[in-house]
Amino acid sequence: MNKIDIGTPFNTQAIINFEGIRNTKISDLPQFLKVEITQGFKISFKMDRKDIVYGLGENVRGINKRGGIYESFCSDDFTHTPDKKSLYAAHNFLVVDGDTNFGLFIDHPGLVTFDIGYTHKDELVISGDNPNFSLYFIPGDSSLSITKKFRTAIGLSFIPPKWAFGYQQSRWSYPDAESIENIGKEFRNNEIPCDTIYLDIDYMEDFKNFTVDNSKFPNFKEFVAKMKGMGIRLIPIIDAGCKIEKGYPIYEEGIEKGYYCVDKEGKPFVGAVWPGKVHFPDFLNENVGRWFGQKYDFLINQGIEGFWNDMNEPAIFYSEAGLKKAMDKVTSMAGQNLDIYSFFDLKSTMESISNNIDDYKSFYHNVNGKLINHYDLHNLYGYFMTKSAGESFINNHPDKRILLFSRASYVGMHRYGGIWTGDNKSWWEHLLLNIQMMPSVNMEGFLYSGADVGGFGSNSDSELVTRWTQFGIFTPLFRNHAALGTRKQEPFSFDIGTTNIIKNTIQLRYALIPYIYSEYMKAALNNDMYFKPLGFVYTSEQSKRIEDQLLVGDSIMVAPVYTPNSFGRNVWVPEDMLLWKVKTYKNRNFEVVKEGFKYIDLELDETPIFIRKNKMLVVGNHGNFVSEIDNSVITLIAYTDDEASYELYDDDGVTHKFRNGEFSKSVLKITANGDNNYSLSVKGEVIGVKTINYIVVNSLGAVYEGNYSIE
Ligand code: MIG
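Keep in mind the model is a prediction, meaning the values are calculated, not measured.

Asker: Account for the overall build of the protein chain, with residues named and values stated.
Answerer: The helix and strand tally for the protein chain stands at 16 helices and 43 strands. Compactness check: the protein chain gives a C-alpha radius of gyration of 26 Å against a globular reference of 27 Å for 711 residues, within 12% of the reference. Based on the C-alpha atoms only, the size of the protein chain along its principal axes is roughly 85 × 65 × 55 Å. Put simply, the protein chain has 711 residues, and 63% of those count as buried. For the protein chain, the exposed surface amounts to about 26100 Å²; the carbon and sulfur share of it is 49%. Distance from the positive charge centre (73 side chains) to the negative charge centre (90 side chains) of the protein chain: 2 Å.

Asker: Mind laying out the nonpolar core, listing which residues take part and the relevant values?
Answerer: With 184 residues, the main nonpolar core has L234, Y296, F307, I609 and L668 as its most contacted residues. The element best represented in this core is helix α15 (residues 513-525), accounting for eight residues. Among the nonpolar cores identified, the runner-up in size contains 25 residues, and F41, L94, I106 and F114 belong to it.

Asker: Break down the sheet that holds strand β36 (residues 607-611) for me, citing the residues and quoting the values.
Answerer: Judged by pairing direction, the sheet is antiparallel, and its six strands sit side by side in the order β29-β30-β31-β36-β33-β34 without closing on themselves. The two strands at the open ends of the sheet, each matched to only one other strand, are β29 (531-533) and β34 (590-593). Strand-to-strand twist of the sheet, defined as the mean angle between neighbouring strand axes without regard to direction, takes the value 35 degrees. The pairing of β29 with strand β30 (residues 550-552) spans three bridges and is classified as antiparallel. Each bridged residue has a counterpart across the sheet, and for K532 the counterpart in β30 is L551.

Asker: Tell me about the site of the ligand, residues and numbers included.
Answerer: In the vicinity of the ligand lie 13 residues, with D200, D310, R407, D423 and H481 positioned nearest. Between the ligand and the protein, one listed contact pairs an oxygen atom with a side-chain N or O atom of D200 at 2.5 Å. D423 places a polar side-chain atom, nitrogen or oxygen, 2.4 Å from an oxygen atom of the ligand. Computed on the free molecule, the ligand has an accessible area of 350 Å², of which 95% lies beneath the protein chains in the complex.

Asker: Residues and numbers for the side chain of T196, please.
Answerer: Position of T196 relative to the elements: it lies in strand β14 (residues 196-199). A polar contact of 2.9 Å, which involves the side chain of T196, links it to the side chain of Q168. Those residues in contact with T196 that lie beyond four places of it in its chain are W163, Y167, Q168, Q169, I232, R233 and I235.

Asker: So what's going on with the side chain of S143? Residues and values would help.
Answerer: Along the chain, S143 turns up in helix α1 (residues 143-154). With a relative accessible area of 2%, S143 lands in the buried category. At 2.5 Å, the side chain of S143 forms a polar contact with the side chain of D97. With residues up to four places along the chain from it excluded, the contact list for S143 reads Y54, V95, D97 and F536.

Asker: Any chance you could break down the sheet that holds strand β43 (residues 703-709) for me, citing the residues and the numbers?
Answerer: Spatially, the four strands line up as an open sheet ordered β37-β38-β42-β43, and their pairing is mixed. Edge positions in the open sheet fall to β37 (615-619) and β43, since each of these has one partner strand only. Ignoring strand direction, the axes of neighbouring strands in this sheet form an average angle of 20 degrees. Relative to strand β38 (residues 633-639), β37 is paired through five bridges, and the arrangement is antiparallel. Bridging across to β38, K615 finds its partner in Y639.

The rules behind each value
- Residues numbered from 1 in each chain as written.
- Predicted model: local features only at pLDDT ≥ 70, side-chain atom pairs only at ≥ 80, totals over all residues.
- Heavy atoms only, no water.
- Helix = DSSP H or I, 4+ residues; strand = E, 2+ residues; numbered from the N terminus.
- Rg over C-alpha atoms; globule rule 2.2 N^0.38 Å.
- Buried < 20%, exposed > 50% of the residue type's maximum accessible area, 1.4 Å probe, protein only.
- Areas by Shrake-Rupley, 256 points an atom, 1.4 Å probe, with all protein chains shown as cover.
- Lys, Arg positive; Asp, Glu negative; His and termini not counted.
- Charge placed at Lys NZ, Arg CZ, Asp CG, Glu CD.
- Core = buried A, V, L, I, M, F, W, Y, C linked by side-chain atoms within 4.5 Å.
- Pairing = 2+ DSSP bridges.
- Axes fitted to C-alpha atoms, helices over the stretch in contact; angles between N-to-C directions.
- Near = heavy atom within 4 Å.
- Polar contact = N/O pair within 3.5 Å; in protein donor to acceptor, adjacent residues only side chain to side chain.
- Contact = heavy atoms within 4.5 Å.

Any link to function would need more than the numbers given here.
Spelled out as structure tokens, the structure:
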């Protein structure tokens, strides 16, 4: 890997492992890359007709980013239509896959534009207006090997506690203790597993960070314990902006110590978000980071074990200056006869007061003594907020994994937390977008990720929530969340038939946790991806063009239904596979599907899982919540004629001891001994397991069942 420093780059701390990285010059780059440095920068590459461009993490459009234009500039935009250039993240790593294979990472915290065959269909042009950044050029012979090199350089992805692989329920908002408890009870009464319920902004007192509204939660600590007694953890939201209010300790302390971002006069910058006027903590300053990170302890000390950081692009509804300018203009238009242009000008004047570039250019960070304009560092804000929390957790609670994920992100943040993909909508198109985004965010290091299952904005319906849940069970962060004012979309909000299907689907998720957790941890520890596009593993032309199927871990492929009124879908089967259509995880109906395109019938209650050749799936059991699951008996489902093997990872799921090698990795191997007769060998310890049942299906569809006891 080559690193080229251009101008004076800001140290984003995205790359932390410099082994194997050579410092070079632009002139050392291969001829096919053209780099021009002027007032800004421009990097260009002429693409071949069939080149695929993978990467850019959280973005709209497909897995292959070709044909679009994207801007890395973390944005709070709640309408993720295909023409949007920026969502909440800035993920500047991409891979070109074709006759020439290489990866690029533009380590620059300001605006970067990726024009991928949009302006000129064969030209990839990456540009920015600030010529101070580091460029990483990553050669390699495949997209996967290039991605692994990049991932090695950016360091280990965030590892959540194991319970965070359970189902999570959210809504903006469950307003008080009683409503939360009722939701919890509905899960238990319906036997739908659930590990967490979210606290959205209304749990706070007037939207003030690190406060709890006593009128809604008369005894918060006791309530947290009570819910935990039911196996449900509460996950509060933390917003970036802090309310301006005399007497509010966060406000007073921050002012006294000079911990907030400042305007050009040096006064704390004022923006408006939920609570009205706020200041923004200057997370780029180490002292501020430490200070803010400590504050999470207010909630941790009351039993809280996980958080989600929101509005940290940062979202700004308006600034005082922006609002005044807009109001003046609007006032000047009053009483006029507005024609089409002036009318639209009037409308856009008010709309443009939110998340306005002029506002981002009007405040400053004190980066340990040096004043830097926010605009130039914009994409680091959510990252450093999350870093401040993550570092505090490690310092103050070294023995415990705490769940953390964020809305805004930049590469590097993946070490401290996961991401959710923000305010999607209850649209079928956004189920497909969820599928397509997952491998892309994995490339950037974000393994613990997921979308709002069922969709956040707009009203969902039972079929959409059902199909979305059938995909959501494979995402590490598996959370159903919906916006204020939208239709209810908890699993039991529709008819009883739907409740049952979703129950069985969520139970399947819990039964798959031995596999999902093992694959997640191996992906993290090996700098690998948990979700892969088919083209990362199968090299056929068809495989490379598939945009709606994914490999999940090493053993399976998924092909979710993402269109309404469907009773099946077309699937590209890249090699012979074993199809398991799951109604409940206890059913055992398997079908061998041959390589090629195939229409697969799928009833509303069926989740298809394709097991790869000579690989196996590990299936355990469900419980009401993760730590309640009894996996003393597990089942392996293998597809092979001769030998299938699997490396099963497990650890305590709660501490960081795995970092010191305290985990188990066992090798499970199924071998054919003559005619449809198979044996299992187990090397290494399998934590907590006493009996392993195994089911082997061969290419003729013959089924063999065996079992293995561990003394
Ligand atoms: O502008 O806290 O993306 O998940 O429910 C909305 C309220 C602010 C945006 C988050 C969403 C959350 C909502 N927040």
